Amino acid sequence: MFIHSVLFEIKPKEVAQYRKDSRMWAAYAKKAKGFIAYYTMKRHGFKDQYASVYEWKAKARHDRFMGKYHDWLVGKSKARVKVLGYFNLSKVDQVRA
């Protein structure tokens with residue numbers, strides 16, 4: 001499993017548009033092979049910080065999607081956001097209830 005997360009700083013007036021943009025990105029990702037899930041998350045304890053989190057079966061699937069759609073989707077996105085960081089994570093262990 002591969003997880004790609006982007007941490008943003010988003011002003012309150014931009015949050016609704018960011019969420020709309022995020023759903024647009026997720027709709028395209030949902031059609032891609034290897035896509036598992038998408039989450040929009042608010043960072044607790046930090047003002048105006050949100051994360052877009054994508055879960056993929058493999059990094060190669062994520063890379064293929066981003067190579068094809070990233071720049072085009074950035075162009076279609078309307079929210080004004082500040083990227084604080086990118087995080088690429090691979091599963092090491094898993095425990096489920």
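Our subject is the structure listed above.
Draft legend 1. Local environment of the overall build of the protein chain. In terms of regular secondary structure, the protein chain is built from two helices and four strands. Secondary structure elements in the protein chain, listed N-terminal to C-terminal, are β-α-β-β-α-β. The C-alpha radius of gyration computed for the protein chain amounts to 14 Å, which stays within 12% of the reference 13 Å derived for 97 residues, consistent with globular compactness. The principal-axis extent of the C-alpha atoms belonging to the protein chain is close to 35 × 30 × 20 Å. The buried share among the 97 residues of the protein chain stands at 36%. A sequence separation of at least 24 residues applies to 73% of the contacts in the protein chain between residues at least 6 apart. As displayed, the protein chain has an accessible area near 7,000 Å², and 54% of this comes from carbon and sulfur atoms. Looking at the protein chain, you have 22 positive and 8 negative side-chain charges, and the mean spots of the two groups are 6 Å apart.

Draft legend 2. The arrangement of the sheet that holds strand 1 (residues 2-9) in detail. As summarised here, the arrangement of the four strands in space is 2-3-1-4, forming an open sheet in which the pairing is antiparallel. The sheet is open, and its two edges are formed by strand 2 (35-42) and strand 4 (82-90), each paired on a single side. Ignoring strand direction, the axes of neighbouring strands in this sheet form an average angle of 15°. Helix 1 (residues 15-30) rests against strand 1, strand 2 and strand 3 (49-56) of the sheet, and its axis sits at about 5° to strand 3. Running at roughly 50° to strand 1, helix 2 (residues 59-76) makes contact with strand 1 and strand 3 of the sheet.

Draft legend 3. Summary view of the environment of Gln17. Take Gln17: it is sitting in helix 1. Between the C-alpha atom of Gln17 and that of Lys78, which follows or precedes it by 61 residues, the distance is 6.7 Å. Discounting residues that sit within four places of it in the chain, Gln17 has contacts with Lys78 and Ala79.

Draft legend 4. Seen up close, the pairing of strand 1. Of all eight residues in strand 1, six are buried; the element is thus mostly enclosed. Relative to strand 3, strand 1 runs antiparallel, the two sharing eight bridges. Across the sheet, Phe2 pairs through a bridge with Trp56, a residue of strand 3. Inspection of the sheet shows strand 1 paired to strand 4 by eight bridges, in the antiparallel sense. Bridge pairing in strand 4 places Val6 opposite Tyr86.

Draft legend 5. Molecular detail of the nonpolar core. The biggest cluster of nonpolar side chains holds 19 residues, and the ones touching the most others in it are Tyr18, Tyr54 and Trp56. When residues in this core are grouped by element, the largest group, six residues, is from helix 1.

Parameters and conventions
- Residues numbered from 1 in each chain as written.
- Predicted model: local features only at pLDDT ≥ 70, side-chain atom pairs only at ≥ 80, totals over all residues.
- Heavy atoms only, no water.
- Helix = DSSP H or I, 4+ residues; strand = E, 2+ residues; numbered from the N terminus.
- Rg over C-alpha atoms; globule rule 2.2 N^0.38 Å.
- Buried < 20%, exposed > 50% of the residue type's maximum accessible area, 1.4 Å probe, protein only.
- Contact = heavy atoms within 4.5 Å.
- Areas by Shrake-Rupley, 256 points an atom, 1.4 Å probe, with all protein chains shown as cover.
- Lys, Arg positive; Asp, Glu negative; His and termini not counted.
- Charge placed at Lys NZ, Arg CZ, Asp CG, Glu CD.
- Pairing = 2+ DSSP bridges.
- Axes fitted to C-alpha atoms, helices over the stretch in contact; angles between N-to-C directions.
- Core = buried A, V, L, I, M, F, W, Y, C linked by side-chain atoms within 4.5 Å.

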